[in-house]
Every structure is written in C-alpha cells, then in structure tokens.
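Examining the three-dimensional arrangement
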Amino acid sequence: MDSQGRIQLAVIGAGYWGPNLVRNFTACGSAVVTHLCDLDLSRAQKVAAPYPAIATTNNLEGVLASDIDAVAIATPVRTHFPLAKQALLAGKHVLVEKPLAWSVAEGQELVALAEAQGRVLMCDHTFCYTGAVRKMREVVQSGELGDVLYFDSVRVNLGLIQSDVNVLWDLAPHDLSILDYVLPADLRPVAVSAQGVDAVGTGYASVAYLTLHFGRPVIANVHANWLSPVKVRMTLVGGTKKMLVWDDNEPSEKVRIYDKGIEIGDQDPNRIRVSYRHGACFIPVLDSTEALARMAREFCSAITGGRAPETDGAAGLRVLKALEAANRSLQAGGVRVELA
Ligand SMILES: NC(=O)c1ccc[n+]([C@@H]2O[C@H](COP(=O)([O-])OP(=O)(O)OC[C@H]3O[C@@H](n4cnc5c(N)ncnc54)[C@H](O)[C@@H]3O)[C@@H](O)[C@H]2O)c1
C-alpha cells in the first residue's frame, strides 16, 4: 500500500485491453498504478504517456521485486499462466484477463497457488460487472422468473478470425462467465456438447453451438459465430413464471422482463391443453457504471477485505472446464462430455 492506503498495482500488457485497465485502476481511487510493463517498451510508453507517475518497463522481474501489492495481466492467453504464477510466487495479488489460463490444469495450479500464498486471484469476467448482467442475476436469483428452464445466448458478428483458437474460446468465455454468475450456485452445468464447423480453413471452428446440460430439465446454449453479417448479442432466460431478454445492442432498455408463459391444462390422452399468458413487460433501470470501473473496485475491495472476489479463480476455472470439455466434444463430433 502507498502512504494513502492505496493498493500499488502494476499492469502487464499494453496492447488493446491493457490501457482500459490502466485507466480504470487509475480512476478507481483505491489503487495507484505504479508500473506498466510490456515486452514492447514503446507500447507501454505510448499508453502511459498521459500518466507521468506510471513507470514503464519491459522487465517484469524488476516490477515483481518492487513493493507493489498486485498485478493486472492483460497479455495473450498463453502467457496468463506463467505470468500469474510468477506474480503469485512473488507474493502479489493477481487479476488475470479472461480466460483464466490456457488449460484446466494451468487454472487449477493457479487457484491452488493463490490459496497457498493467501493471495487474491481474480479473473476479469467483465460482463459480470455490467449493470445488465447484475440486474439479470438479481432477477433470476430472487426467484422472480420462477424455476429457470433455459439460458440461451447468441454472440455472433463478422468477427476477427483468430489463428490459434476456435470461436468458442474467443467468444464463449463471456457467455459462460455470465451463465456462471447469473444462475444460482446450485444450478451448475454437469456436461457439455458442442458442434461446429471450420468454415474458413484455419483448422478451428468459426461457427459453433455449445450446449450445457444440468442433470435436470434445464438447458443452456451458446451460439458463437465469426461469420455473421449482423452483430447479435442477445441472451434469453426462461423461467416457469416469467422470461427475461437481454439485448446488449440496445443503447438503453437492454433488459426486459416478460410476464409471459405457457400453462399446460389437465392431461388429456388425445391432446395437450395449452394456455398462453401474455402479461406486461417490465423494463428495469440499470446501473450505468462502467463495468471495468466496478471490476477494478471489486479487485481492490477483495484485497483489502481479505475475501474472495465475485469472479474469483474458481469462477475462472469453471469457465475453463466448460471450454476444455467443449473442445473435446467438438473433436468427437458433438458427443456429451461430463464436467466432473
Ligand atoms: N475482458 C474483456 O472483455 C477483454 C477484451 C479484450 C481482450 N481481453 C483479454 O485481454 C488479454 C490481452 O488481449 P489484447 O487484445 O489486449 O492483446 P494484444 O495482443 O493487443 O496485447 C497484448 C500485449 O501483451 C504484451 N505481452 C505479451 N507477452 C508479454 C509478456 N510476457 N510480458 C509483458 N507483456 C507481454 C504484448 O507485447 C502486447 O502489447 C487477453 O487475455 C484477452 O483475452 C479481454
């Protein structure tokens, strides 16, 4: 901590996402960004130019040897594990960008190491800090929708084709972390199945459908696609009482709660009697705080409070487990893969 009781933090990675972390940790009030570290020193210098108090470097060892309290890692996914491990071993609290690591084995090692070191390990599941997703969680967990029946998430656009991962590893961490955050802790997937196609010849699926099974009559689906002519960011949660729609493309009124449903009448062996309920639609007011600002505050608060953050290493690990199982299912033509 500095003399004003603020967490001293180094940001590692000054590419596309790192500058967002620098800006939000600088603004959050409970942290001070002391270093910006990137292998490409000129990038770090460019990003840090508006912040004269931030030291720029490409020497991570030097940063970790200093008296900083924490690091925030925004480097390519393959580097998350070695960098986070090094930082934890140096006694620092660690925030890692999503996904937590490149494999479940790496994620498990990080979670165990953070526990052994008594340090906070947090994964930046950014969407969990948006007003929309927090409202969804509140509505779902209050029971307003009744029992959850399904969770359906569509994340498609003409995307930046990645050369080293399939579309699920690129896009679905968002949906999986949202699902993990919104559904109650006793409603977790037990298995996945995934199908997809390598439509552009990179060797990885560019269009994919991931289904999550819950061991009871609940189902979730994530549709991820880099080849859609339009951008769709829509999630539906259906319950026995009400249904919720989150359309992230809407500039306002992103979340709508529909008092709609279907009731099955007395069973008749010859036909099913169905009645439809078309009730009101409620549009809740959403907190418009920037997600990364809230995320930064949560990391700092978990450190000072000595508690696990909302999207802790365990949450990052659950997302990784689903992604790794999805890879196995994709390779085996869509078979069901248990998440045990
Ligand atoms: N939370 C979100 O919504 C969100 C959005 C975009 C990216 N991300 C995540 O942020 C991370 C970075 O993505 P990006 O798009 O900024 O990548 P990027 O390629 O634009 O930037 C990565 C930077 O890390 C630097 N770097 C690489 N290895 C390093 C090392 N060992 N030490 C120090 N610096 C190193 C590179 O020089 C580069 O400047 C990824 O994990 C990505 O998944 C998260």
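Criteria and thresholds
- Residues numbered from 1 in each chain as written.
- Predicted model: local features only at pLDDT ≥ 70, side-chain atom pairs only at ≥ 80, totals over all residues.
- Heavy atoms only, no water.
- Salt bridge = Lys/Arg side-chain N within 4 Å of Asp/Glu carboxyl O.
- Helix = DSSP H or I, 4+ residues; strand = E, 2+ residues; numbered from the N terminus.
- Near = heavy atom within 4 Å.
- Polar contact = N/O pair within 3.5 Å; in protein donor to acceptor, adjacent residues only side chain to side chain.
- Areas by Shrake-Rupley, 256 points an atom, 1.4 Å probe, with all protein chains shown as cover.
- Nonpolar A, V, L, I, M, F, W, Y, C, P; charged D, E, K, R; others polar.
- Buried < 20%, exposed > 50% of the residue type's maximum accessible area, 1.4 Å probe, protein only.
- Lys, Arg positive; Asp, Glu negative; His and termini not counted.
- Contact = heavy atoms within 4.5 Å.
- Pairing = 2+ DSSP bridges.
- Domains from an automatic or database assignment.
- Buried area = accessible area lost by both parts, 1.4 Å probe.
- Phe/Tyr/Trp six-rings, centres within 6.5 Å; stacked < 30°, edge-to-face > 60°.
- Axes fitted to C-alpha atoms, helices over the stretch in contact; angles between N-to-C directions.
- Parallel < 35°, antiparallel > 145°, perpendicular 65-115°, else oblique.
- Left-handed = near helix turned anticlockwise from the far one by under 90°.

1. Focus: the pattern of salt bridges
As a working rule, side chains carrying opposite charge can pair if their charged atoms are close by. Under the definition given, this model contains 17 salt bridges. Two residues, arginine 277 and glutamate 263, come together in a salt bridge whose shortest N-O distance is 2.8 Å. Of the two residues, arginine 277 sits in strand 14 (residues 274–282) while glutamate 263 sits in strand 13 (residues 255–264), which places them 14 residues apart along the sequence. Each of Asp180, Arg188 and Arg318 takes part in one network of salt bridges that share partners.

2. Overview of the site of the ligand
Around the ligand, 20 residues are found, and the nearest of them are Trp17, Asp38, Arg43, His80 and Thr126. Contact distances for the ligand include 2.5 Å between an oxygen atom and a side-chain N or O atom of arginine 43. Surface burial for the ligand is 78%, taken as the share of its 860 Å² of free accessible area covered by protein chains. Among the elements that make up the shell around the ligand, the one with the highest residue count is helix 4 (residues 77–89) (3 residues). The residue inventory of the shell around the ligand, partitioned by class, reads 9 nonpolar, 6 polar and 5 charged.

3. Focus: the side chain of aspartate 247
Turning to its location among the elements, aspartate 247 is positioned in strand 12 (residues 243–247). Buried and unpaired, aspartate 247 has lysine 254 as its nearest opposite-charge partner, separated by 7.2 Å. Contacts of aspartate 247, omitting those with residues within four sequence positions, involve Arg233, Met234 and Lys254.

4. Remarks on the sheet that holds strand 8 (residues 191–197)
Strand order in this open sheet of 9 strands is 14-13-12-11-7-10-9-8-15, and the pairing throughout is mixed. The strands lining the two open edges of the sheet, one partner per strand, are strand 14 and strand 15 (337–338). Sheet topology note: the strand 7 (residues 148–158)/strand 10 (residues 219–225) ladder contains 7 bridges and is parallel. What sits directly across from valine 156, in strand 10, is asparagine 225.

5. Some thoughts on the side chain of asparagine 24
Relative to the assigned elements, asparagine 24 resides in helix 1 (residues 18–27). A distance of 2.9 Å separates a polar atom in the side chain of asparagine 24 from the backbone oxygen of asparagine 20. Sequence-distant contacts of asparagine 24, defined by excluding residues within four places in its chain, comprise Glu290, Leu292, Ala293 and Ala296.

6. Side note on the domain arrangement of the protein chain
Domain boundaries in the protein chain define domain 1 (7–119) and domain 2 (130–287 + 321–338). Taking only C-alpha atoms, the centre of domain 1 and the centre of domain 2 are 31 Å apart. The interface of domain 1 with domain 2 comprises 8 residues on the first partner and 9 residues on the second. Taking both sides of the interface into account, the surface hidden between domain 1 and domain 2 amounts to around 660 Å²; carbon and sulfur atoms contribute 66%. Interface area lost by domain 1 to domain 2 is led by Lys98, Trp102 and Val104, which between them contribute 66%. On inspection of domain 1 and its partner domain 2, the count reaches 0 salt bridges. Remark: the boundary between domain 1 and domain 2 carries 1 residue pair in polar contact (both at pLDDT 80 or more). Residue classes in the side of domain 1 that touches domain 2 are distributed as 4 nonpolar, 2 polar and 2 charged.

7. Structural notes on the pairing of strand 12
In terms of burial, strand 12 is a largely internal element, 4 of the 5 residues being buried. In textbook terms, the turn of a hairpin is the stretch between consecutive antiparallel strands, and for strand 11 (residues 227–239) and strand 12 this stretch comprises 3 residues. As judged from the 4 bridges shared by strand 12 and strand 13, these two strands associate in the antiparallel manner. Bridge pairing in strand 13 places tryptophan 246 opposite valine 255.

8. Considerations on the packing of aromatic side chains
For the structure on display, the rule yields 4 aromatic pairs. When the ring of tyrosine 16 is compared with that of tryptophan 17, the centres are 5.8 Å apart and the planes differ by 50°; the resulting orientation is tilted. Given the relative accessible area of 70%, tyrosine 16 is considered exposed. When the ring of tryptophan 102 is compared with that of tryptophan 169, the centres are 6.0 Å apart and the planes differ by 45°; the resulting orientation is tilted. Within this pair, whereas tryptophan 102 is found in the loop between strand 5 (93–97) and helix 5 (104–117), its partner tryptophan 169 is found in helix 7 (residues 167–182), the two being separated by 67 residues in sequence. Residue classification places tryptophan 169 among the buried positions, given a relative accessible area of 8%.

9. Quick look at the packing of helix 7 against helix 9 (residues 313–331)
Orientation of helix 7 relative to helix 9, taken along the N-to-C sense of each, is 130°, at an axis distance of 9 Å. Taken together, the axes of helix 7 and helix 9 lie oblique to each other. Pair helix 7 / helix 9 crosses with right-handed handedness. The residues of helix 9 that touch helix 7, namely those facing Leu168, Trp169, Ala172, Pro173, Leu176, Ser177 and Asp180, are Ala315, Arg318, Val319, Leu320, Ala322, Leu323, Glu324, Ala326, Asn327 and Leu330. Each residue belonging to the contact of helix 7 with helix 9 can be placed in one class, and the counts come to 12 nonpolar, 2 polar and 3 charged.

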